[in-house]
Amino acid sequence: LGGLAVPARAANPTVTQTANVVIVVDFADTSHTGHGFGCLKTADGPASMVDSFNGSSVRSMKNYISAISYGQLQVTNIFPQYNETDKTIQIYKLPHNENYYVDQGMKNIGTAIIQDSLSYLQSLLSGHSDLDLEQDGFIDNLTLVIPSNSAGKSPIDSHQSHYDGTETVNGF
């Protein structure tokens with residue numbers, strides 16, 4: 001069969017609102033200096049990172065997700081470490097070196113970082129009522145921005161993780 005394949009759209013699409021909490025972390029032996037998002041420690045680096053998620057460009061994460069879902073998924077990105085006034089990010093320093101997390105195995109890296117960040121997340125996210133826009137009793141999504149090494153790479157690849165712990169953050 002030849003022809004043109006056109007994706008089908010629902011007649012009456014429902015729009016889902018979802019929250020994406022973006023947390024920037026450093027390992028005990030690394031820092032966000034020189035790689036990714038225009039270097040988070042330069043004057044324009046933090047604003048550049050926020051723009052890559054929330055900007056007006058069709059390539060921003062928010063607009064990209066909306067476009068590929070035909071407007072059915074709307075993402076609200078939350079940057080609790082970002083200071084809008086002075087355009088800086090307060091980066092959280094994890095207690096272990098990068099290799100400690102790598103040694104956890106790809107399946108457990110996210111869980112190990114979340115466990116090591118829980119007390120920080122508790123204080124950072126207190127007062128945020130917009131973490132569960134899906135209203136299912138859980139934080140909708142947590143994005144961890146990790147540093148790359150001096151070669152601009154990290155042995156930790158982008159991946160999805162599920163946190164199965166019983167701890168809560170801000171009631172979620």
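Up top is the structure these notes are about.
Residues numbered from 1 in each chain as written. Predicted model: local features only at pLDDT ≥ 70, side-chain atom pairs only at ≥ 80, totals over all residues. Heavy atoms only, no water.

Caption draft 1: Summary view of the overall build of the chain. Across its full length, the chain carries 4 helices and 6 strands. Shown N-terminal to C-terminal, the secondary structure of the chain runs as helices and strands in the order β-α-α-β-β-β-β-α-α-β. Of all intrachain contacts in the chain linking residues separated by at least 6 positions in sequence, the fraction that spans at least 24 positions is 71%. In the structure as shown, the chain presents an accessible area of about 10,300 Å², 50% of it carried by carbon and sulfur atoms. (Helix = DSSP H or I, 4+ residues; strand = E, 2+ residues; numbered from the N terminus. Contact = heavy atoms within 4.5 Å. Areas by Shrake-Rupley, 256 points an atom, 1.4 Å probe, with all protein chains shown as cover.)

Caption draft 2: Layout of the packing of aromatic side chains. On inspection of all chains with the given rule, the structure shows 4 aromatic pairs. Ring plane angle 75° and centroid distance 5.4 Å describe the contact between Phe 53 and Phe 79, whose orientation is recorded as edge-to-face. Remark: Phe 79 occurs in the loop between β2 (73-78) and β3 (82-83) and Phe 53 occurs in helix α1 (residues 45-54); sequence separation between them is 26 residues. Each member of the pair, Phe 53 as well as Phe 79, carries the same accessibility label: buried. Arranged with centres 4.2 Å apart and planes meeting at 15°, the rings of Tyr 92 and Tyr 120 form a pair that is stacked. Remark: Tyr 120 occurs in helix α4 (residues 109-125) and Tyr 92 occurs in strand β5 (residues 92-93); sequence separation between them is 28 residues. This pair shows no difference in class: Tyr 92 is buried, exactly as Tyr 120 is. Linked through ring pairs, Phe 27, Tyr 100 and Tyr 101 together constitute an aromatic cluster. (Phe/Tyr/Trp six-rings, centres within 6.5 Å; stacked < 30°, edge-to-face > 60°. Buried < 20%, exposed > 50% of the residue type's maximum accessible area, 1.4 Å probe, protein only.)

Caption draft 3: Focus on unusual backbone geometry. One non-glycine residue, Tyr 70, adopts positive backbone phi at about 55°. Tracing the sequence through the fold places Tyr 70 in the loop between α2 (61-68) and β2. Even without being a glycine, Lys 87 presents a positive backbone phi close to 55°. On the secondary structure map, Lys 87 appears in the loop between β3 and β4 (88-89).

Caption draft 4: Structural view of the pattern of salt bridges. Enumeration according to the criterion identifies 1 salt bridge in this entry. Across the salt bridge formed by Glu 84 and Lys 87, the nearest N and O atoms sit 2.9 Å from each other. Its relative accessible area of 33% is what places Lys 87 among the partly exposed residues. (Salt bridge = Lys/Arg side-chain N within 4 Å of Asp/Glu carboxyl O.)

Caption draft 5: Main features of the environment of Pro 46. Mapped onto the elements, Pro 46 comes out in helix α1. In this structure the C-alpha to C-alpha distance between Pro 46 and Tyr 82, which are 36 residues apart in sequence, comes to 7.5 Å.

Caption draft 6: Representation of the nonpolar core in the model. Formed by 21 residues in total, the largest nonpolar core has its most connected members in Val 21, Ile 23, Phe 27, Leu 94, Tyr 101, Ile 113 and Leu 125. When contributions to this core are tallied by element, the ones reaching two or more residues are β1 (16-26) and α4. If one sorts the elements of this core by residue count, α4 sits on top with 9 residues. Here Leu 94 is in contact with Val 25, Asp 26, Phe 27, Ala 28, Tyr 101, Ile 113, Asp 116 and Ser 117, once residues within four sequence places are set aside. Counting residues in hydrophobic clusters, the runner-up holds 10 residues, among them Val 22, Phe 53, Tyr 82 and Ile 89. (Core = buried A, V, L, I, M, F, W, Y, C linked by side-chain atoms within 4.5 Å.)

Caption draft 7: How the structure looks around the environment of Asp 44. Within the secondary structure, Asp 44 sits in the loop between β1 and α1. Judged by its relative accessible area of 52%, Asp 44 falls in the exposed class. Sequence separation of Asp 44 and Thr 88 is 44 residues, and the distance between their C-alpha atoms is 8.7 Å.

Caption draft 8: Local environment of α4. At Leu 118, α4 shows its maximal bend, which comes to roughly 60°. Counting buried positions along α4 yields 12 of 17 residues, so the element is predominantly enclosed. Looking one or two residues beyond α4, the residue adopting positive phi is Gly 127, at roughly 90°. (Bend = angle between axes of the 7 residues up to and from the residue.)

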